[in-house]
Amino acid sequence: MSLHDGHRNRLRERFLRDGLDTFDEHQALEMLLFYAMPRKDTNALAHELIRRFGSLASVLEASIIELQDVPGIGEQTATFLKFSAAFSQDAQRGRTGNC
């Protein structure tokens with residue numbers, strides 16, 4: 001058993017117990033990437049995205065093309081990140097749309 005076994009479950013349980021305020025930016029991004037990349041280690045990718053773009057907010061503001069320039073980020077993951085950002089912004093504004 002390695003140190004990384006159960007990492008996703010520990011992060012998920014930590015979020016459910018303590019909320020997002022206890023997370024570093026790369027941890028929040030890593031957890032978001034879990035859902036776009038269910039069978040891939042997303043820790044190094046989260047670190048690389050933060051390093052390249054400078055912050056979690058800048059990652060989410062990056063274009064699909066800019067995101068896909070990062071090795072390991074394909075169209076599906078880039079689209080998921082952009083959708084997540086747009087969804088969050090709409091929810092904060094109270095937009096209900098035509099859902």
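Up top is the structure.
Quick summary incoming for the structure in this document. (Residues numbered from 1 in each chain as written. Predicted model: local features only at pLDDT ≥ 70, side-chain atom pairs only at ≥ 80, totals over all residues. Heavy atoms only, no water.)

Re the environment of Glu66
Then comes step 1: Along the chain, the position of Glu66 falls in helix α5 (residues 64–68).
Then comes step 2: By relative accessible area, which is 40% here, Glu66 ends up partly exposed.
Then comes step 3: Separated by 13 residues in the primary sequence, Glu66 and Phe53 place their C-alpha atoms 9.4 Å from one another. (Helix = DSSP H or I, 4+ residues; strand = E, 2+ residues; numbered from the N terminus. Buried < 20%, exposed > 50% of the residue type's maximum accessible area, 1.4 Å probe, protein only.)

Quick notes on the packing of helix α2 (residues 25–36) against helix α3 (residues 43–53)
Working note: a packed helix pair is described by the angle between its axes plus the distance between those axes.
Then comes step 1: Remark: α2 packs on α3, axes separated minimally by 8 Å, with the N-to-C direction vectors making an angle of 125°. Classified by the angle between their axes, α2 and α3 sit oblique to one another. Seen along the crossing, α2 lies across α3 with a hand that is right-handed. Residues Glu25, His26, Leu29, Glu30 and Leu33 of α2 touch α3, and the partners they reach there are Asn43, Leu45, Ala46, His47, Leu49 and Ile50.
Then comes step 2: The class makeup of the residues in the contact of α2 with α3 is six nonpolar, three polar and two charged. (Axes fitted to C-alpha atoms, helices over the stretch in contact; angles between N-to-C directions. Parallel < 35°, antiparallel > 145°, perpendicular 65-115°, else oblique. Left-handed = near helix turned anticlockwise from the far one by under 90°. Contact = heavy atoms within 4.5 Å. Nonpolar A, V, L, I, M, F, W, Y, C, P; charged D, E, K, R; others polar.)

Let's talk about α2
Then comes step 1: The terminal C-alpha atoms of α2, which comprises 12 residues, lie 17 Å apart, in line with the 16 Å expected from a rise of 1.5 Å per residue.
Then comes step 2: The complete set of buried residues in α2 reads His26, Gln27, Ala28, Leu29, Glu30, Met31, Leu33, Phe34 and Ala36.
Then comes step 3: For α2, the elements touching its buried residues are α1 (7–18), α3, α4 (56–61) and α6 (75–93). (Expected span 1.5 Å × (residues − 1).)

Observations regarding the packing of aromatic side chains
Then comes step 1: One pass over the structure, following the stated rule, counts two aromatic pairs.
Then comes step 2: When the ring of Phe15 is compared with that of Phe23, the centres are 6.5 Å apart and the planes differ by 85°; the resulting orientation is edge-to-face.
Then comes step 3: Overall, Phe15 belongs to the partly exposed group, its relative accessible area being 33%.
Then comes step 4: For Phe23, a relative accessible area of 10% puts it in the buried group.
Then comes step 5: Seen from the ring of Phe23, Arg14 lies directly overhead, with NZ or CZ sitting 4.5 Å from the centre. (Phe/Tyr/Trp six-rings, centres within 6.5 Å; stacked < 30°, edge-to-face > 60°. Lys NZ or Arg CZ within 6 Å of the ring centre and 35° of its normal.)

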